[in-house]
Amino acid sequence: MKAIKRKILIVSGKGGVGKSTMSSQLAMGIAHFGSKVGVLDVDICGPSLPKLFNCEDYQIVSQEWGWIPAISNGVSVMSVAFMLPNRDSPVIWRGPRKTNIIIRFLKDTYWGKLDYLCMISVLRIL
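Residues numbered from 1 in each chain as written. Predicted model: local features only at pLDDT ≥ 70, side-chain atom pairs only at ≥ 80, totals over all residues. Heavy atoms only, no water.

With that settled, consider the environment of I71. Its place among the elements puts I71 in strand β5 (residues 70–72). Once the C-alpha coordinates of I71 and G38 are considered, the two residues, 33 residues apart in sequence, prove to be 8.8 Å apart. (Helix = DSSP H or I, 4+ residues; strand = E, 2+ residues; numbered from the N terminus.)

Shown next as structure tokens:
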């Protein structure tokens, strides 16, 4: 994470409000001007970035330095959807399991040097 200059967190209190759409447009817009950009979909309940970036068939590749994100439209993309056998199924993870996968995405994804990383999540307070 130290190699990433700016982190942008896009959150809301509920799903279906356009976080992924806004994030994908923001990331592609920034990349259009020459910046290196990544997007991390930690919206565990409904990961939709792979559809927006047209990289639904990507399989996570694990290298010695970490997980390698998909590249689409000049943007590095990582999503929990890449780990699911059925991409249309929602993920219902809670508590430590959800926290651990988010930490793994943050620690184990090899982004390289990025100017921006957009992270998408639903903030659930119960």
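Let us look at the sheet that holds strand β2 (residues 37–41). Strand order in the open sheet formed by five strands is β1-β7-β2-β6-β5, with mixed pairing between adjacent strands. Pairing within the sheet leaves two strands with one partner each, and these edge strands are β1 (4–12) and β5. Across the sheet, the axes of successive neighbouring strands diverge by a mean angle of 25 degrees, strand direction being ignored. As paired strands, β5 and strand β6 (residues 75–79) are joined by three bridges and run antiparallel to one another. Within β6, the position partnered with S72 by the bridge is V75. Lying over the sheet, helix α1 (residues 19–32) contacts β1, β2, β6 and β7 (114–122), oriented at roughly 155 degrees with respect to β1. (Pairing = 2+ DSSP bridges. Axes fitted to C-alpha atoms, helices over the stretch in contact; angles between N-to-C directions. Contact = heavy atoms within 4.5 Å.)

Here we come to the environment of M28. With respect to the helices and strands, the residue M28 is situated in helix α1. Between the C-alpha atoms of M28 and W93, which are 65 residues apart in sequence, the distance is 29 Å.

What follows is about the nonpolar core. Membership of the largest hydrophobic core comes to 29 residues, with the highest contact counts inside it found for V39, L40, F53, V75, V77 and F105. Of all the secondary-structure elements, those providing two or more residues to this core are α1, β2, β6, α3 (95–108) and β7. The element contributing the most residues to this core is β7, with five residues. Apart from residues no more than four positions distant in its own chain, F53 is found in contact with S24, A27, M28, V39, S72, N73, V75 and V77. (Core = buried A, V, L, I, M, F, W, Y, C linked by side-chain atoms within 4.5 Å. Buried < 20%, exposed > 50% of the residue type's maximum accessible area, 1.4 Å probe, protein only.)

So, on to the side chain of S20. For S20, the position within the fold is in helix α1. Those residues within four positions of S20 in sequence are excluded, and the remaining contacts are S48, L49, L52 and I120.

What follows deals with α1. In this model α1 runs 20 Å from its N-terminal to its C-terminal C-alpha over 14 residues, within 8% of the 20 Å that 1.5 Å per residue would give. Buried within α1 are the following residues: K19, S20, S23, S24, A27, I30 and A31. Looking straight down α1, one finds its buried side chains confined to an arc of 135 degrees; they lie on one side. Exposed positions of α1 whose direction lies more than 90 degrees from the buried face are Q25 and H32. Packed against the buried residues of α1 are β1, β2, α2 (49–52), β6 and β7. G34 occupies a position one or two residues after α1 and carries a positive phi of about 100 degrees. (Expected span 1.5 Å × (residues − 1). Arc of directions from axis to C-beta.)

Despite not being glycine, N54 has its phi angle at roughly 55 degrees, a positive value. Along the chain, the position of N54 falls in the loop between α2 and β3 (61–63). A residue is classified by how much of its surface remains accessible, and N54, at 68% relative accessible area, is exposed. Although it is not a glycine, N73 adopts a positive phi angle of roughly 55 degrees. Turning to its location among the elements, N73 is positioned in the loop between β5 and β6. A residue is classified by how much of its surface remains accessible, and N73, at 52% relative accessible area, is exposed.

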